[in-house]
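Listed here are the chains, written in short residue letters.
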Amino acid sequence: MPVSTVHCAACGERQIDPRELTIAGMFSQMLRVFSSIDGRLIRSFRTLLRSPGALTTSYLAGQRRVYVRPLSLFLVTNVFFFAVQSLSSSSIVAPPLESHLHEQDWSALASSLVAGQLEARQTSLDQLTPLYDQAAILNAKSLVILMVLPFTLLTALLFVRHKDPFVAHVVFSLHMYSFVLILYCLCLLVIVVDGLLGGDG
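In short, a report on the structure. The model shown is predicted, which means the values in this text are computed figures rather than measured ones.

**Looking at the packing of helix H3 (residues 52-60) against helix H9 (residues 166-196)**
Now for step 1: At a closest axis distance of 9 Å, the pairing of H3 and H9 adopts a crossing angle of 150 degrees. Comparing their axes, H9 and H3 come out roughly antiparallel. Where H3 crosses over H9, the handedness of that crossing is right-handed. Here Pro-52, Leu-55, Thr-56, Tyr-59 and Leu-60 of H3 come into contact with H9, specifically with Ala-168, Val-171, Phe-172, His-175 and Phe-179.
Now for step 2: Grouping the constituent residues of the contact of H3 with H9 by class yields eight nonpolar, two polar and no charged.

**Describing the packing of aromatic side chains**
In this description, an aromatic ring pair is defined by two values, namely the gap between the centres and the angle between the planes.
Now for step 1: Summed over the entire model, instances satisfying the criterion amount to five aromatic pairs.
Now for step 2: Geometrically, the ring pair formed by Phe-81 and Phe-82 is edge-to-face, given 5.0 Å between the ring centres and 70 degrees between the ring planes. Here Phe-81 matches Phe-82 in class, with each residue buried.
Now for step 3: Consider the rings of Phe-151 and Tyr-177, whose centres lie 5.8 Å apart with planes at 85 degrees: the pair is edge-to-face. With Phe-151 in helix H8 (residues 148-158) and Tyr-177 in helix H9, the pair connects residues that are 26 residues apart, well separated along the chain.

**Observations concerning the side chain of Ser-99**
Now for step 1: With respect to the helices, strands and loops of the structure, Ser-99 is situated in helix H5 (residues 97-102).
Now for step 2: Accessibility expressed as a relative area gives 7% for Ser-99, which makes it buried.
Now for step 3: In this structure the side chain of Ser-99 is engaged in a polar contact, spanning 2.7 Å, whose partner is the side chain of Gln-104.
Now for step 4: In this view, Ser-99 contacts Gln-104 and Ser-107; residues no more than four positions away in its chain are not counted.

**What about the packing of helix H4 (residues 70-88) against H9?**
Each packed pair of helices is defined by two parameters, the angle between the axes and the distance between the axes.
Now for step 1: Where H4 contacts H9, the two axes come as close as 9 Å, and the packing angle between them is 20 degrees. Between H4 and H9, the interaxial angle falls into the category roughly parallel. As H4 runs across H9, the sense of the crossing is left-handed. In this structure, H4 uses Pro-70, Leu-71, Leu-73, Phe-74, Thr-77, Asn-78, Phe-80, Phe-81, Val-84, Gln-85, Leu-87 and Ser-88 to contact H9, whose residues at the interface are Val-171, Leu-174, His-175, Tyr-177, Ser-178, Leu-181, Ile-182, Tyr-184, Cys-185, Leu-188, Leu-189 and Val-192.
Now for step 2: Its residues placed into classes, the contact of H4 with H9 shows 18 nonpolar, six polar and no charged.

**With respect to the nonpolar core**
General note: in soluble globular proteins, nonpolar side chains tend to be found buried as a group.
Now for step 1: Formed by Phe-74, Phe-81, Phe-82, Val-84, Val-144, Val-148, Leu-174, Tyr-177, Leu-181, Cys-185 and Leu-188, the largest nonpolar core amounts to eleven residues.
Now for step 2: Of all the elements, H9 adds the most residues to this core, at five residues.
Now for step 3: In terms of nonpolar packing, the next biggest core, distinct from the first, is built from nine residues, Leu-41, Phe-45, Leu-73 and Val-76 among them.

**Focus: empty space enclosed by the protein**
Now for step 1: According to the stated counting rule, one finds one cavity of 30 Å³ or more in the structure shown.
Now for step 2: Taken as a whole, the largest cavity encloses approximately 60 Å³ of empty space.
Now for step 3: Along its surface, the largest cavity is lined by Leu-55, Tyr-59, Gln-63, Arg-64, Tyr-67, Val-68, Arg-69, Pro-70 and His-175.
Now for step 4: Here the lining of the largest cavity is built from residues that sort into five nonpolar, two polar and two charged.

**Overview of H3**
Now for step 1: When H3 is considered as a whole, its buried residues turn out to be Leu-55, Thr-56, Ser-58 and Tyr-59. Here the buried residues of H3 occupy an arc of 165 degrees about the axis, which is enough to place them on one side.
Now for step 2: One or two residues past the end of H3 sits Gly-62, with phi positive at roughly 100 degrees.

**A word on the environment of Leu-75**
Now for step 1: Turning to its location among the elements, Leu-75 is positioned in helix H4.
Now for step 2: A relative accessible area of 32% means that Leu-75 is categorised as partly exposed.
Now for step 3: With 103 residues separating them in the primary sequence, Leu-75 and Ser-178 have C-alpha atoms 8.3 Å apart.

Conventions used here
Residues numbered from 1 in each chain as written. Predicted model: local features only at pLDDT ≥ 70, side-chain atom pairs only at ≥ 80, totals over all residues. Heavy atoms only, no water. Axes fitted to C-alpha atoms, helices over the stretch in contact; angles between N-to-C directions. Helix = DSSP H or I, 4+ residues; strand = E, 2+ residues; numbered from the N terminus. Parallel < 35°, antiparallel > 145°, perpendicular 65-115°, else oblique. Left-handed = near helix turned anticlockwise from the far one by under 90°. Contact = heavy atoms within 4.5 Å. Nonpolar A, V, L, I, M, F, W, Y, C, P; charged D, E, K, R; others polar. Phe/Tyr/Trp six-rings, centres within 6.5 Å; stacked < 30°, edge-to-face > 60°. Buried < 20%, exposed > 50% of the residue type's maximum accessible area, 1.4 Å probe, protein only. Polar contact = N/O pair within 3.5 Å; in protein donor to acceptor, adjacent residues only side chain to side chain. Core = buried A, V, L, I, M, F, W, Y, C linked by side-chain atoms within 4.5 Å. 1 Å grid on protein atoms, 1.4 Å probe; cavity = no way out; pocket = protein on both sides within 12 Å on 5 of 7 lines; lining within 4 Å. Points joined across faces, edges and corners; volume = space filled by probe spheres on them. Arc of directions from axis to C-beta.

Written out as structure tokens, the structure is:
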């Protein structure tokens, strides 16, 4: 007698429900990822911090049910990163205009570019600064996600002789940026704790 289940008899994966391919379904999946904090998500973070390459190796070896999928992990770490960044009132990926003009190696170039913009727009630095800072924070969220693509192409070119499938480079890039974002979160939490203890942050 045939038995019908929602899981594949060969690999144990759950069959896709058409409702999962909707916006509501996507949010539901994200909520499931967040709600599994005691399981796969914590295991994924722990493995990512202790042995970053192990996640990629496990995924490519077919061990995919133990950890959060690469794209989901990357999106979750993005959410955590921007939440912690907002909490700390610091900006790692979107330095303010003041920093570009006075604290960076390229400050001389930035000053000349800003001077050109001020003249073209017929505005002052005081008016331009808040507009730039707001746009930088908004665009940084997109740029963090978009950085995965050039890094994937770079690794594919560097290791072209290995003849790995392209998806291996995508997975590695997602895991690598997830690792970097977690490190940023830890650095930002140090700033938050320092501020709470009366330091300068």
